[in-house]
Amino acid sequence: QLQASGGGLVQPGGSLGLSCTASTSVFSVGWHRQDPGKQRELVATITSGGVASYADSVKGRFTISRDGVKGTVYLQMNNLEPEDTSRYFCSAGAGSGSHYYPHTWGQGTQVTVSS
């Protein structure tokens, strides 16, 4: 089972780090975000070999990484914008980027960017 944590309230321009625990070292892992009534957006993925891929909206600001021993995947979010406010979810699946196919979902964590 996957569990996302680390969300909270941060001011614009600030940073926040999310963790996805009980994840796998075998499958790819993705971070997604979704607001009520809106389509889910894939934010970043990382393969079992550590190859990362990012949505254009977060490229250069977010960094995905994984601890191969603990099986934990992290999402470091810098220079946060109000538009990044959302509920963030992690998933396990296959592939990378636009060819990522999740099969297991975790519960989300809320990120709010506001002054």
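Anything mentioned here points back to the structure above.
What you see is a predicted model; the values in this text were computed from it and never measured.

In terms of helices and strands, the protein chain carries zero helices and 11 strands. Along the protein chain, from the amino end to the carboxyl end, the secondary structure elements read β-β-β-β-β-β-β-β-β-β-β. The globule rule puts the C-alpha radius of gyration for 115 residues at 13 Å, and the 13 Å found for the protein chain is close to it. In terms of overall dimensions, the protein chain has a C-alpha envelope of 40 × 30 × 25 Å along the principal axes. Expressed as a percentage of the 115 residues in the protein chain, the buried residues total 42%. Per element, the accessible surface of the protein chain, about 5,800 Å² overall, is 50% carbon and sulfur. Considering the protein chain, the positive charge centre built from 8 side chains and the negative charge centre built from 7 side chains are found 6 Å apart.

Pairing is possible between side chains of opposite charge, provided their charged atoms come close. The tally for this structure, following the rule as stated, stands at five salt bridges. Between K59 and D56 there is a salt bridge; the shortest N-O distance is 3.2 Å. For D56, a relative accessible area of 69% puts it in the exposed group. A salt bridge links R61 to D84; the shortest N-O distance between them is 2.7 Å. Of this pair, R61 sits in the loop between strand 6 (52-54) and strand 7 (62-67) while D84 sits in the loop between strand 8 (72-77) and strand 9 (86-96), and the two are 23 residues apart along the sequence. Neither residue differs from the other here; R61 and D84 are each classed as buried.

This part is about the side chain of D84. On the accessibility criterion, D84 (2% relative accessible area) is buried. Of the polar contacts made by the side chain of D84, one reaches the side chain of R33; its length is 2.9 Å. In this view, D84 contacts R33, R61, F62, V111 and V113; residues no more than four positions away in its chain are not counted.

Let's shift gears to the nonpolar core. Residues W31, V43, F62, L75, M77 and Y88 are the most contacted members of the largest nonpolar core, which totals 24 residues. Of all the secondary-structure elements, those providing two or more residues to this core are strand 3 (16-21), strand 4 (28-34), strand 5 (41-46), strand 7, strand 8, strand 9 and strand 11 (109-113). Setting aside chain neighbours within four positions, we find V43 in contact with W31, H32, R33, S53, Y54, A55, V58, F62, L75 and Y88.

Analysis parameters
- Residues numbered from 1 in each chain as written.
- Predicted model: local features only at pLDDT ≥ 70, side-chain atom pairs only at ≥ 80, totals over all residues.
- Heavy atoms only, no water.
- Helix = DSSP H or I, 4+ residues; strand = E, 2+ residues; numbered from the N terminus.
- Rg over C-alpha atoms; globule rule 2.2 N^0.38 Å.
- Buried < 20%, exposed > 50% of the residue type's maximum accessible area, 1.4 Å probe, protein only.
- Areas by Shrake-Rupley, 256 points an atom, 1.4 Å probe, with all protein chains shown as cover.
- Lys, Arg positive; Asp, Glu negative; His and termini not counted.
- Charge placed at Lys NZ, Arg CZ, Asp CG, Glu CD.
- Salt bridge = Lys/Arg side-chain N within 4 Å of Asp/Glu carboxyl O.
- Polar contact = N/O pair within 3.5 Å; in protein donor to acceptor, adjacent residues only side chain to side chain.
- Contact = heavy atoms within 4.5 Å.
- Core = buried A, V, L, I, M, F, W, Y, C linked by side-chain atoms within 4.5 Å.

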